[in-house]
Amino acid sequence: MKRLKWPSWMPVDPYIAALLATVGIAALLPARGTGADLASGASTAAVSFLFFLYGARLSTREALDGLKHWRLHVTVLACTFIVFPLLGLAGRGLVPWALTPALYSGFLFLTLVPSTIQSSIAFTSLARGNVPAAICAGSFSSLAGIVLTPLLAAALLGDSGGGFSADSLVRIVLRLLVPFLAGQLLRRWVGGFLTRHKKVLGHVDRGSILLVVYTAFSEGMVQGIWSQVTPWRLLALLGVEALLLAAMLTLTWYGAKRLGFGRADRIAIQFAGSKKSLAAGLPMATVLFGADASLAVLPLMLFHQMQLMVCAVIAKRRSRDTPEPGGDALSGAPTAAASQSAAGTATRSG
């Protein structure tokens, strides 16, 4: 009977519950008229503020120090921005019998966003992998995603992404890249403040994303786009995403082995190279998709929860593996106590 108990370290992410609640509020009470204009303006400001925080938090020195492990970082970047998009393009054959064109656009978009940082670190720590490498790999992916995700979306999504014109590119630069660079430039003065108030700013981060979700789904409700989604389509989407996640987890683990990486590095590659960031993807979608963002972010929201639950199971099993001789010492992997502590944060980070 004890085995049938749902593990305490693998709960449904409470933040996903908050996101779903926000979707429900948008469905019942969508913003209209002046309220919609105010919500849209606040959402735009929230997106810029988020990317300012991303830039201010990223340690340039740590990122440069991590370049010495360049083979691992190139492998993670290739998984995130080459292998993932190729699998996303392969999913085009599922339209229209499994996925609608709108859902497929969202599915393809999720394959273009950068990897996570916090949850990759937490799972790598729990599995006794190369934690410093996971930190740098996630940081590099997030930094590269600010440029690569919009460019890939423009190339692969075309008109289905809301139309990519010179005006769209200007909005991307002004709303995403400029705030990020401003955060990097001001990190010297604001970095200490952000570190001291990390918990409070974490709530600000998540509250901003909830506002972005509410605005996007309100626009979708007003336009009636949810009539395009049926329970069968949602089940099909979940099945396709499960196959995508399984493929990436398999490719990152066994592919890293073929490339000659040790166990600790393979763990970091698997968790950093198989996951997608909800925190980075949602704000980007509002800029790239505009009024169609509600359906575009649905696949990413579902994939985010799925990856957390599956990776929690894998990380727990990896923690019981016999480590390679000297592997933990060389990789910077944490002690058993630190691994158990990381388990408590793994499913709450994105």
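In this text the structure is predicted, and so the values were computed from the model without any measurement.

Scanning the protein from terminus to terminus reveals 15 helices and zero strands. Looking at the protein as a whole, 49% of its 350 residues qualify as buried. Of all intrachain contacts in the protein linking residues separated by at least 6 positions in sequence, the fraction that spans at least 24 positions is 88%. When the accessible surface of the protein is summed, it comes to about 16000 Å², and 68% of that surface belongs to carbon and sulfur atoms.

What follows covers the side chain of arginine 266. Tracing the sequence through the fold places arginine 266 in helix α11 (residues 263-273). Among residues more than four places away in sequence, those in contact with arginine 266 are Trp253, Ala256, Lys257 and Phe261.

Its 12 residues place the ends of helix α12 (residues 278-289) 15 Å apart at the C-alpha level, agreeing with the 16 Å of an ideal helix rising 1.5 Å per residue. Among the 12 residues that make up α12, 11 are buried, leaving the element largely enclosed by the rest of the structure. Among all positions in α12, only Leu278, Ala280, Gly281, Leu282, Pro283, Met284, Ala285, Thr286, Val287, Leu288 and Phe289 are buried. Residue serine 277 occupies the N-cap position of α12, its side-chain oxygen lying 3.1 Å from the main-chain nitrogen of alanine 280.

The next thing to look at is the nonpolar core. Phe109, Phe271, Leu282, Phe289 and Met301 are the most contacted members of the largest nonpolar core, which totals 62 residues. Broken down by element, the residue count for this core peaks at 14 residues, all from helix α13 (residues 293-318). Not counting residues within four places of it along the chain, the set of residues in contact with leucine 282 comprises Leu19, Ile209, Val212, Val213, Val297, Leu300 and Met301. With 10 residues, the next largest nonpolar core counts Leu72, Ala134, Ala268 and Ile269 among its residues.

Turning to the packing of aromatic side chains, a few remarks are in order. The full count for this structure, using the stated rule, is three aromatic pairs. A centroid spacing of 6.5 Å and a plane angle of 40° characterise the contact between tyrosine 104 and phenylalanine 107, whose relative ring orientation is tilted. Within this pair, tyrosine 104 and its partner phenylalanine 107 are both found in helix α5 (residues 101-110), separated by three residues, close to a single helical turn. Here the two residues tyrosine 104 and phenylalanine 107 agree in accessibility, since each one is buried.

What follows is about the packing of helix α4 (residues 70-90) against helix α10 (residues 231-258). The axes of two packed helices give the description: the angle between them and the distance between them. Between α4 and α10, the least distance of the axes is 11 Å, while the angle of their chain directions is 135°. As judged from the angle between their axes, α4 and α10 are oblique. In this structure, α4 meets α10 at a crossing whose hand is right-handed. Contacts between α4 and α10 involve Cys79, Val83, Phe84 and Leu87 from the first element and Leu244, Ala247, Met248, Leu251 and Thr252 from the second.

Within the secondary structure, alanine 264 is located in helix α11. Distance from alanine 264 to valine 131, taken between C-alpha atoms, is 8.4 Å for residues 133 residues apart in sequence.

Our focus in this paragraph is the side chain of arginine 318. On the secondary structure map, arginine 318 appears in helix α13. Classification of arginine 318 as buried rests on a relative accessible area of 15%. In contact with arginine 318, other than residues within four places in its own chain, are Ala127, Arg128, Trp253, Arg263, Ile267 and Gln270.

Rules behind the numbers
For every chain, the first residue of the written sequence is number 1, and numbering continues from 1 along that sequence. Note on the predicted model: pLDDT of at least 70 is required for a residue's local features to be given, and 80 or more for side-chain atom pairs to be given and counted; whole-chain, interface and lining totals, by contrast, use all residues. Derived side-chain values reflect all non-hydrogen atoms in the structure, with water molecules and hydrogen atoms excluded from consideration. Comment: elements are numbered from the N terminus, with helices defined as DSSP H or I runs of at least four residues and strands as E runs of at least two. Exposure classes here rest on a 1.4 Å probe applied to the protein chains alone. A residue is buried below 20% of its type maximum, exposed above 50%, and partly exposed in between. Residue contacts are defined here by distance: any two heavy atoms, one from each residue, within 4.5 Å place the two residues in contact. Per-residue and other accessible areas follow the Shrake-Rupley method at a 1.4 Å probe size, with only the shown protein chains counted as cover for residues. Working rule for helices: expected span equals 1.5 Å times residues minus one. Throughout this description, a polar contact denotes any pair of N or O atoms lying within 3.5 Å of each other; where both atoms belong to protein, one of them has to be capable of donating a hydrogen while the other can accept it, and for residues adjacent in sequence the pair is counted only when both atoms sit in side chains. By convention a nonpolar core is built from buried Ala, Val, Leu, Ile, Met, Phe, Trp, Tyr and Cys residues, the set being connected through side-chain atoms within 4.5 Å. To pair, rings of Phe, Tyr and Trp, with the six-membered ring standing in for Trp, must have centres within 6.5 Å; the planes then decide the type, stacked if under 30 degrees apart, edge-to-face if over 60, and tilted in the middle. Only the stretch in contact is used when a helix axis is fitted, and all axes are lines through C-alpha atoms; the angle between N-to-C directions ranges over 0 to 180 degrees. Geometric relationships in this document are graded by angle, where less than 35 degrees denotes roughly parallel, more than 145 denotes roughly antiparallel, 65 to 115 denotes roughly perpendicular, and other angles denote oblique. Rotating anticlockwise by less than a right angle from the far helix to the near helix defines a left-handed crossing, while the corresponding clockwise rotation defines a right-handed one.

Don't take any of this as a statement about function, it's just geometry.
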